[in-house]
2 protein chains.
Amino acid sequence: MREPREQKRLPHVVILGAGFGGLTAAQSLRRAPVRVTVVDRRNHHLFQPLLYQVAMAGLSPADIASPIRSVLRGQRNATVLLAEVTSIDLERRVLQLSDGTLEYDYLIYAPGTQNSYFGHDEWERFAPGLKSIEDAVEIRRRVLVAFERAERAIDDDERKRLLTFVVIGGGPTGVELAGAIAELSKTVLAREFRRTDPARTKVILIEAGPRILPSFDEELSLRAVDQLSDLGVDVRLGARVNAIDQDGVVIAQRAADGRAETERVEARTVLWGAGVAPTPLAKTLGVPLDRGGRVIVEPDLTLPGHREAFAIGDAVAFLHTPDGKPLPGVSPVAMQQARTVARSIVRAMHGEAHERFEYFDKGTMATIGRKRAIAQTGALRLTGFAAWLTWLVVHIWYLIGFRNRLAVMFGWAYSYFTYKRGARLITDHWKPPEEREAPQASVRAPIAGERPRASA
Amino acid sequence: MREPREQKRLPHVVILGAGFGGLTAAQSLRRAPVRVTVVDRRNHHLFQPLLYQVAMAGLSPADIASPIRSVLRGQRNATVLLAEVTSIDLERRVLQLSDGTLEYDYLIYAPGTQNSYFGHDEWERFAPGLKSIEDAVEIRRRVLVAFERAERAIDDDERKRLLTFVVIGGGPTGVELAGAIAELSKTVLAREFRRTDPARTKVILIEAGPRILPSFDEELSLRAVDQLSDLGVDVRLGARVNAIDQDGVVIAQRAADGRAETERVEARTVLWGAGVAPTPLAKTLGVPLDRGGRVIVEPDLTLPGHREAFAIGDAVAFLHTPDGKPLPGVSPVAMQQARTVARSIVRAMHGEAHERFEYFDKGTMATIGRKRAIAQTGALRLTGFAAWLTWLVVHIWYLIGFRNRLAVMFGWAYSYFTYKRGARLITDHWKPPEEREAPQASVRAPIAGERPRASA
């Protein structure tokens, strides 16, 4: 069956996933004599680094997401498939889709990761993570509704619960969310709500490890804590989450004397930034995975024993590093790997050897609310406004590069400099009539004639 | 109970609904010695005239919606309440909320309208209307998914169903949707899909009456049909819908010989632009309603027998017109009524008589896809590009006025002039894990190695 195909047609490169890695791979094969098929469950590529801005109503979903088709529209050797891949048969070189099959000559496996609750999947409904547009819009809805309900709460305890926000996980996502909520409450609440005192808002960031942003120098982690504290965020280090329910979380923390103390924090809004894991798809490959479930690849990014199957991005454990530690799950790694793989495929077609992957670390940065961030590159260390400005320029630069859309910069600058968040919409999913339920109670109308705080 | 309040406090004006009427009323009372409370079920005001652009992925929800709080943020005598009003007691001057009560001294009733299926509510799930952001996003999802699935359909009949779009109702909304879908398929399909031939897309506009856009001159209605036909839209006049299900619609039409013929149109996407009706709330007022369920108001826009209760907007039948016909349900009417009512309330506080409402008709316009529209004002009649340009300028002008946001103009110009629709996202509502279902089948992967149409 395969022989005639090989002869009469260009090799078929199937790219699984249209994240930074997958899309870059497709674009790097633009001029290669191959047919490229990009398969993704979503019709859009997401600019993940700014997803928290959607969750915090600073940007609209469309500002950070582009239909994959329009990104690749100009690339004639590329086809886009909206499909769910259920398993991969490396021997037969076939992807099993939920509704068909897809053969390949070369595979670029770049599915990315999903939220992981470390065996506590039941927590997800109470503490959504931040991986998709839907996640971001749901988080936006929960945070904004909490403020709205706090404005009308009768009961002081309930108002306290509504104004308490717990963010779990001290990585970049958790830090960005915690910082942004603190600012949202300071700015929006202060200016637009009449009865709620923004000073009452409480943001708690919970990190199980000894420090936040562990991928940075220890010194910068400490500075990040300072900057979060300036914003009023209560950072709890070495604190583990034992339970999450709709009324709050239970935290376990070691006391000075070493005894573990548990504390219950009452909060209506709990957000998950604690961890991600590769999709279950990895298990269907039948290749060795690391403890985190990531695919362990060869120095040339191929899967062991399959020279035509490559794996890139944060679903991969690349251990061939100077210190033997896996590379971080950041977009620069995925994009650099994508270019290496694209070159290797072309080389393979000419019977040449694959390229070994070498990662060039340009540095990392994390933002902490408006005008605050930390950044490190080479020997350089930045904090505060300088770091934030660098962060802003770099991100807008890449975002424009990938969207080439002025509106983003304007919407962005607009919400940053005016605080008026255009994307601050509370919307719900369209439901067929019979599924629509009445709005929740537990809040009240103001006592008739109650004087608004602000005009008092 | 009331006496002491009257003395020690400013009169309480409650505005029900934050549409064009309600918001304008609130803003017109900015300097009045009153306390204003705006009650709405949504946290955002919607720029309805451009809602179809969200449904057609030309704009993002946030481009045409603003949080009510931020619109009124600077107005210190105004408070915003996110609440559902369940009934109104005009005698006791109390609004019953789903979660409390709200007393008023003056009421401005401006709830607007909702989709109406003329007793066929079961049609809604198959043919969503276009009144809310959720509606628009759902329509966007259905249209885009139809294109995606058509690209992969095995069966020709199924592809035909997927590429057939039925729009019911020849009013402005129906015409805008039909025209926009025709263009979306011409532009987006043609450029980005590899296997689907855009020429196969079929858009059918169904109007029960003898002509579309009946609020315009007959001559302009005819021109509108011409312009729709240029876009490839099949306009059916005098056609009634007998049934709607997930596979299509049944249309009844009078043949030349007067016999009623029924025809079944197979279509996966059916949209409803056929009618709106006031919310059921009107019935709780206990005042006379017209056949359409609209509140019949006095010349001063008060409810009969209640000088402190005013009603404005498209939930109202204002019959005190030269020809005795009710005013159209358009934003200029609502906004002019709002200003009249605001003045009347201030006059009443000084013991003066209310103002009579006089409508000044600036003209009307409707757009028919890119570069096509019709407009009439006074004796002036415009069609084609001139009308479209007028329409564009007027709408952007008002949108900017109400949003004061450059990003809109850019996003707008961007999608109009590049055809790249940034908002073209297929997203779903965030669901708790157990409610997530697998993607639908009925589509297939391409036969391995199938040559993309465009590169053939």
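Conventions and cut-offs
- Residues numbered from 1 in each chain as written.
- Chains lettered and ligands numbered in written order.
- Predicted model: local features only at pLDDT ≥ 70, side-chain atom pairs only at ≥ 80, totals over all residues.
- Heavy atoms only, no water.
- Pairing = 2+ DSSP bridges.
- Helix = DSSP H or I, 4+ residues; strand = E, 2+ residues; numbered from the N terminus.
- Axes fitted to C-alpha atoms, helices over the stretch in contact; angles between N-to-C directions.
- Parallel < 35°, antiparallel > 145°, perpendicular 65-115°, else oblique.
- Left-handed = near helix turned anticlockwise from the far one by under 90°.
- Contact = heavy atoms within 4.5 Å.
- Nonpolar A, V, L, I, M, F, W, Y, C, P; charged D, E, K, R; others polar.
- Expected span 1.5 Å × (residues − 1).
- Buried < 20%, exposed > 50% of the residue type's maximum accessible area, 1.4 Å probe, protein only.
- Salt bridge = Lys/Arg side-chain N within 4 Å of Asp/Glu carboxyl O.
- Core = buried A, V, L, I, M, F, W, Y, C linked by side-chain atoms within 4.5 Å.

## So, the sheet that holds strand 25 (residues 380-383) of chain A
All names here are of chain A.
Part 1: Strands sit in the order 23-24-25 across an open sheet of 3 strands; the sheet is antiparallel. Strands with a single pairing partner mark the edges of an open sheet, and in this sheet they are strand 23 (364-367) and strand 25. The average angle at which neighbouring strand axes cross in this sheet is 5°, direction not considered.
Part 2: Two elements, strand 24 (residues 373-377) and strand 25, share 4 bridges in a ladder whose sense is antiparallel.

## Describing the packing of helix 2 (residues 20-28) of chain A against helix 10 (residues 331-349) of chain A
Residues and elements named next belong to chain A.
Part 1: At a closest axis distance of 8 Å, the pairing of helix 2 and helix 10 adopts a crossing angle of 30°. As far as their axial angle goes, helix 10 and helix 2 are roughly parallel. Regarding helix 2 and helix 10, the two cross each other, and that crossing is right-handed. Counted together, Phe 20, Gly 21, Thr 24, Ala 25 and Ser 28 of helix 2 and Ser 331, Ala 334, Met 335, Ala 338, Arg 339 and Ala 342 of helix 10 form the full contact between these two elements.
Part 2: In the contact of helix 2 with helix 10, the residues fall into 6 nonpolar, 4 polar and 1 charged.

## Remarks on helix 6 (residues 133-152) of chain A
Part 1: Given a rise of 1.5 Å per residue, 20 residues ought to cover 28 Å, and the 29 Å separating the end C-alpha atoms of helix 6 of chain A matches this to within 8%.
Part 2: Burial analysis of helix 6 of chain A places 18 of its 20 residues in the buried class, the great majority of the element.

## Side note on the pattern of salt bridges
Two side chains that carry opposite charge are able to pair once their charged atoms sit near each other.
Part 1: Applying the stated criterion across every chain, the model contains 50 salt bridges over all chains.
Part 2: Here B:Arg372 and B:Glu183 are joined by a salt bridge, their closest N and O atoms 3.7 Å apart. Placement of the pair is B:Arg372 in the loop between strand 23 (364-367) and strand 24 (373-377) and B:Glu183 in helix 8 (residues 172-192), with a sequence separation of 189 residues.
Part 3: As a salt-bridge pair, B:Asp300 and B:Arg307 come within 3.7 Å of each other at their nearest N and O atoms.
Part 4: Each member of the salt-bridge network shares a partner with another, and the members are A:Glu158, A:Arg161, A:Asp245, A:Asp247, A:Arg264, A:Glu266 and A:Arg268.

## Topic: unusual backbone geometry
Residues and elements named next belong to chain B.
Part 1: Positive phi, close to 45°, is recorded for Phe 118, a residue that is not glycine.
Part 2: Among the structural elements, Phe 118 can be located in the loop between strand 10 (113-115) and helix 6 (133-152).
Part 3: Residue Phe 118 is classed as exposed on the basis of its relative accessible area, which comes to 54%.
Part 4: Even without a glycine there, the phi angle at Leu 213 is positive, about 45°.
Part 5: Along the polypeptide, Leu 213 turns up in the loop between strand 12 (202-206) and helix 9 (218-230).
Part 6: In this structure Leu 213 comes out as buried when scored by relative accessible area, which is 0%.

## Topic: the sheet that holds strand 9 (residues 106-109) of chain A
All names here are of chain A.
Part 1: As summarised here, the arrangement of the 6 strands in space is 5-2-1-9-21-20, forming an open sheet in which the pairing is mixed. Strands with a single pairing partner mark the edges of an open sheet, and in this sheet they are strand 5 (78-82) and strand 20 (302-303).
Part 2: The sheet strands contacting helix 2 are strand 1 (12-16), strand 2 (35-40) and strand 9, and the helix crosses strand 1 at an angle near 160°.
Part 3: Strands in contact with helix 10 are strand 1, strand 9 and strand 21 (306-311); relative to strand 9, the strand with the most contacts, it is inclined by about 170°.

## A few points about the nonpolar core
Soluble globular proteins tend to bury their nonpolar side chains together.
Part 1: The biggest cluster of nonpolar side chains holds 59 residues, and the ones touching the most others in it are B:Met56, B:Ile212 and B:Val233.
Part 2: Top element by residues in this core is helix 6 of chain B. It accounts for 9 residues.

## Structural notes on the pairing of strand 16 (residues 260-266) of chain B
Residues and elements named next belong to chain B.
Part 1: Here strand 15 (residues 248-254) pairs with strand 16 via 7 bridges, running antiparallel. Across the sheet, the residue bridging to Ile 251 is Glu 263, located in strand 16.
Part 2: Where strand 15 folds back on strand 16, the antiparallel hairpin that results is connected by 5 residues, among which Gly 258 adopts a positive phi of roughly 85°.

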